[in-house]
Structure formats: C-alpha cells, structure tokens
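Structural overview for review
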Amino acid sequence: MKKIGLFTILVLLGIIIIAFSLHGCRNDKKNKNEEINLVVNKKPAIKAIESFHTSKHIGINGRISEQWKKSDSLYANVSTKELIDLAANHDDKIERLVAFRALLMKNPHEAVNLAISVIDDTTNVSTTDGCCGEENIVSNVRIRMIQYERKQYKVSLADSMRIDSALLFSNNSPKFDYMYHLYHKLQAKPEYEKRLLQLYEQDQNALIALARYHRDDIKQEIIRLISQIDKKINLANRDTICTVLDAVIAWPSESYKQIVRQKCQYILNKADTYGCERSALGALMAYNDKWSYNFIDKTLSKAKQEEFYSTSLDFLKAYEDNPLPLFKPLIQKYKIAWD
C-alpha cells in the first residue's frame, strides 16, 4: 500500500471542510425559511375571541399582547414584499391587521399605499384597547394606526396628506372617525367644496370644514342650529351642539356673534355641559374681543374648586387649538397647566 503524502491529506481535508460548510449553509437557509414560516403561520394566543389589539398591553394585568409580539417578529423576519401580501391577502382579517402593523413599522410608505388601495374595505372587526372593546371596520383600524400614530411610525407628511385625500373622497367617508379631525384641519380649497356639501348630507361634522368657505347658506345653517340650543342639552343633542360651535370657531362671523355669546353663556353657566364646554370656550375665544376675555375670566374665577380643574383644562385645550395672544394672560393668572 502506498503511503499518502502530506499534500494529498491536506487536499482531502480541504474537500471535507468545504463539503461540511456547504451543508451547513443549506441547513442555515432551511432553518431561516422554517423560522419565517413559523412566524407567519403562528396564531395569536387569544385568536379565538376575534379581536385585534390596538394597544400593546391588554387585560386587567396589562400583559403584552401576543399579536404585538407577532407583529414584532414579522417586522424582524419577513420582507416588505411578503408583508404586503400578508396584509392584503391573508384569509383572516386579524392576521391582515397584525401584518399591517409590521409593514407600517418596516416601510410606512408601502403601508400607506396599501391602506389607500383598500380604503373602502368595510369588513367588520372587533378591537380591544387595553380592557375596552368596540366594533369597527378593518380600514378604519388601518387609518387610525397611520394618522393617530404618524410620528411613532415615521409616516411622512406627504403620505399623511395622501390619506386625507383618499378619506375625503372615499365612498365610506362617514364611517371613519378620523374624519372629525380632518374637518377641523381641512383648508377651504375649491376642489373640496362640492364633496363637503355631499358629505354634510350624511355627516353633520362636515359643517366645520364648510364654514371656512363663508357661504351664505352655511351661515344660515349655523344660525339655525345655534338657535336650537336651549335648556335641553343632553347626550342626544350634545354632538350637534359641539359641531355647530366648532363651525363658529372655523368662521366667527359677526352675523351670529350675539346669539353665539348668548348660547355659550348659557352653556358655561350650566352645572352639566355634557362635554360642550370646550367648544363653547373656543367659540367665544374665536371672536378675539374684550367681552369674550372678560366673560371667560369671570367663568374661571367663579368656578367652584371641584369644577375649576375641568373648566380650566377645557380652556387650555381651546387655547392650544387656537392660541390667540389676547387670552394667554388667563393661563398665567390662573396657573393653568397640564399635570
């Protein structure tokens, strides 16, 4: 038998090492694929209740949601392309939303593209925020994540404005709770006017945006609604009262100044304003005159100790929405600040 030379031994060892390395790479790739598949197909632990968790912590004990853990895993292990497919096409609506959150973290621009493409998805879904639950639609949940948490998910202003436009012209605009915020910030552009008039037939909050167009018919509508504010302020008409007062904030016309003062004075002197106090304070401030200043000053000064905190914070919120310099001294005078 011939002796094997040193060179031959080294060559054989090299071949063996390469073979094991290739086998290891194949196994690593296989394991990675299996890991991704496991993440994608893993079901949330509380899937049976068919509820999407809109907050990280759930339940009385505030445990971390399994859905959020899964979203984090998808974000770390799944490509943008795969996330788009999961968020758009998964058979289960909860799984679509779990994947959408991961997509929003990974690529907010593509998440916005997806949300716009399915803006009219009105599939019903239950949501849980901590311990509280409500019925919703899938598209509304997506929009909430994008618009209410825009800075957290690093959604650009341009993409946020694209969402605004898509919502305004959606066939299901009134079903989105974000529309209330949109009406408050929407500029009076000619291309929006016709659509807002259409929306007002379905959603009274559109009056807030319409007020900025200074239309005579809208002025008459504001006067009509303001005139209806009487001693029957309750849960049934609270939203209408707040809406018309917010429309006054958008357009503080001299035409209805006196009746606005009268009705706001009545609201602020009531023991229970049913949540209209902030809008009433904002409507008075919008006129930016000495009478409004003096009346708000008097309201704050005579508020009972147990009522002052609520009234002062409503004033602070109204001021932050419309920071007119005339009213800033009242913040300093009454030492009003967030706790």
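To keep things clear, this report deals only with the structure shown in the data block. (Residues numbered from 1 in each chain as written. Predicted model: local features only at pLDDT ≥ 70, side-chain atom pairs only at ≥ 80, totals over all residues. Heavy atoms only, no water.)

All right, on to the pattern of salt bridges then. Pairs may arise between side chains of opposite charge once their charged atoms sit close together. Overall, the coordinates contain 17 salt bridges when judged by the stated rule. Residue Glu221 pairs with Arg224 through a salt bridge whose shortest N-O separation is 2.8 Å. Here Glu221 pairs with Arg224, and both are found in helix α11 (residues 216-227), just 3 residues apart, close to one helical turn. Owing to a relative accessible area of 41%, Arg224 belongs among the partly exposed residues under this scheme. As a salt-bridge pair, Arg238 and Asp239 come within 3.6 Å of each other at their nearest N and O atoms. Classification of Arg238 as partly exposed rests on a relative accessible area of 29%. Relative accessible area serves as the criterion here: at 45%, Asp239 is assigned to the partly exposed category. Residues joined by salt bridges that share partners form a network here, namely Glu254, Lys257, Arg261 and Asp289. (Salt bridge = Lys/Arg side-chain N within 4 Å of Asp/Glu carboxyl O. Helix = DSSP H or I, 4+ residues; strand = E, 2+ residues; numbered from the N terminus. Buried < 20%, exposed > 50% of the residue type's maximum accessible area, 1.4 Å probe, protein only.)

Further remarks concern the side chain of Glu221. In this structure Glu221 comes out as buried when scored by relative accessible area, which is 16%. In terms of polar contacts, Glu221 uses its side chain to reach the side chain of Arg224, at 2.8 Å. Non-local contacts of Glu221, meaning those with residues more than four positions away in its chain, are made with Tyr200 and Leu207. (Polar contact = N/O pair within 3.5 Å; in protein donor to acceptor, adjacent residues only side chain to side chain. Contact = heavy atoms within 4.5 Å.)

What follows is about the layout of surface pockets. Approximately 670 Å³ is the volume found for the largest pocket. Around the largest pocket sit 23 residues that line it, and Tyr180, His184, Asp246, Arg278 and Asp321 are the ones nearest its centre. Elements supplying a minimum of two residues to the lining of the largest pocket: α8 (179-185), α12 (238-250), α14 (277-286) and α16 (305-321). Among the elements that make up the lining of the largest pocket, the one with the highest residue count is α12 (7 residues). Looking at the lining of the largest pocket, its residues break down into 6 nonpolar, 8 polar and 9 charged. (1 Å grid on protein atoms, 1.4 Å probe; cavity = no way out; pocket = protein on both sides within 12 Å on 5 of 7 lines; lining within 4 Å. Points joined across faces, edges and corners; volume = space filled by probe spheres on them. Nonpolar A, V, L, I, M, F, W, Y, C, P; charged D, E, K, R; others polar.)

Here the focus is the pairing of strand β5 (residues 132-137). As defined by bridge partners, strand β4 (residues 124-129) adjoins β5 across 6 bridges and the pair is classed as antiparallel. The residue of β5 that forms the bridge with Thr127 is Glu134. (Pairing = 2+ DSSP bridges.)

On to the nonpolar core. Judged by nonpolar contacts, the single largest core of 88 residues is most densely connected at Phe100, Leu196, Ile222, Leu245, Ile296, Phe315 and Phe327. Considering every element that reaches this core, the biggest residue donor is helix α4 (residues 93-106), with 8 residues. Apart from the residues within four sequence positions on either side, Leu245 is in contact with Ile226, Cys264, Ile267, Cys276, Ser279, Ala280 and Ala283. (Core = buried A, V, L, I, M, F, W, Y, C linked by side-chain atoms within 4.5 Å.)

Here the focus is the side chain of Arg195. Assignment of secondary structure puts Arg195 in helix α9 (residues 190-200). There is no salt bridge for the buried Arg195, and the closest opposite charge comes from Asp120, which lies 7.8 Å off by N-O distance. A polar side-chain atom of Arg195 sits 2.7 Å from the main-chain carbonyl oxygen of Ser170. Setting aside residues up to four positions removed in sequence, Arg195 forms contacts with Leu168, Phe169, Ser170 and Ser173. (Lys, Arg positive; Asp, Glu negative; His and termini not counted.)

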